Amino acid sequence: MTIRVLVAEDQAAVRAALVMILRAEPGLEVVGQAADGEEAVRLALELRPDVVLMDVQMPRLDGVSATRQVVAAGASQVLVLTTFDLDEYVYGALRAGAAGFLLKDLEADTLVEGIRTVARGDGMLAPSVTRRLIGTFARPGRVVGPEVRAAVDGLTPREREVLACLGAGLSNGEIAGRLAMAEATTKTHVSRILAKLRLRSRVQAAILAQDLGLMI
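This text gives an overview of the structure that appears in the document.

Reading guide: rules and limits
Residues numbered from 1 in each chain as written. Predicted model: local features only at pLDDT ≥ 70, side-chain atom pairs only at ≥ 80, totals over all residues. Heavy atoms only, no water. Salt bridge = Lys/Arg side-chain N within 4 Å of Asp/Glu carboxyl O. Helix = DSSP H or I, 4+ residues; strand = E, 2+ residues; numbered from the N terminus. Buried < 20%, exposed > 50% of the residue type's maximum accessible area, 1.4 Å probe, protein only. Axes fitted to C-alpha atoms, helices over the stretch in contact; angles between N-to-C directions. Parallel < 35°, antiparallel > 145°, perpendicular 65-115°, else oblique. Contact = heavy atoms within 4.5 Å. Nonpolar A, V, L, I, M, F, W, Y, C, P; charged D, E, K, R; others polar. Polar contact = N/O pair within 3.5 Å; in protein donor to acceptor, adjacent residues only side chain to side chain.

1. Topic: the pattern of salt bridges
Here's step 1: Summed over all chains, the structure comprises ten salt bridges.
Here's step 2: Here Glu9 makes a salt bridge to Lys104, at a shortest N to O gap of 3.2 Å. Within this pair, whereas Glu9 is found in the loop between strand E1 (3-8) and helix H1 (12-23), its partner Lys104 is found in the loop between strand E5 (100-103) and helix H5 (108-119), the two being separated by 95 residues in sequence.
Here's step 3: Since its relative accessible area comes to 0%, Glu9 is described here as buried.
Here's step 4: With its nearest N and O atoms 3.4 Å apart, the salt bridge here joins Glu25 to Arg116. In this pair, Glu25 is assigned in the loop between H1 and strand E2 (28-34) and Arg116 in helix H5, connecting sequence segments 91 residues apart.
Here's step 5: A residue is classified by how much of its surface remains accessible, and Glu25, at 27% relative accessible area, is partly exposed.

2. A closer look at the packing of helix H8 (residues 157-167) against helix H11 (residues 202-212)
Packed helices, taken two at a time, are described by their axes: the angle between them and the distance between them.
Here's step 1: Packing of H8 against H11 leaves a shortest axis separation of 7 Å and a crossing angle of 95 degrees. Put simply, H8 runs roughly perpendicular to H11. Note on element contacts: H11 touches H8 through Arg202, Ala205, Ala206, Ala209 and Gln210, opposite Leu163, Leu166 and Gly167.
Here's step 2: Partitioning the contact of H8 with H11 into residue classes produces five nonpolar, two polar and one charged.

3. Description of helix H3 (residues 63-72)
Here's step 1: Of all ten residues making up H3, seven are buried, and the element is well covered by its neighbours.
Here's step 2: Among the residues of H3, Gly63, Val64, Ser65, Ala66, Thr67, Val70 and Val71 are the ones counted as buried.
Here's step 3: Capping the start of H3 is the job of one residue whose side-chain oxygen sits 2.9 Å from the backbone nitrogen of Val64: Asp62.
Here's step 4: Backbone geometry just downstream of H3 places Gly74 in the positive-phi region, at approximately 65 degrees.

Written as structure tokens, this is what we have:
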């Protein structure tokens, strides 16, 4: 199945390079390009792509706010592009519902794999970066609302274990190995956790696990 992608990047040269990479990849189709956040939101709502590749810093409307609007409308999955010195922006985007993030100095195959991963409904959690990001900004003891805590209390013991693994930035395969279960079972648990906690992505689940101080 063809994955439809909207590229939102304000730098014309960078946007052209991204589009060139994606158009050369079988199974990917660039359905639109946006040069600012407002245009990204408008095109996402109009075109309903599978994935929006969203730069975090853009004119008129920043990537975090644009991500929040796109996700809230259920228009598509959002994969954020950033440089590592913009962690606070990335953290805001993840809380806004982004499915993950990639660094701008990535290789072409990493970009393609990230888009395919997000399109499948999985989070793009690069362990070397994501664990540092979550560890920096999601502090145990952060105030979590009573409704969320009640929802977490409603998880099964196994689901709580999986949630703790998400908080450590583990992939489905790593969780399966850690908890001695099939990877397909892991994916089922992750899906149920997101549904029960009303979260939009596994990245949000990872941040919540850190907020709650869940450990593996």
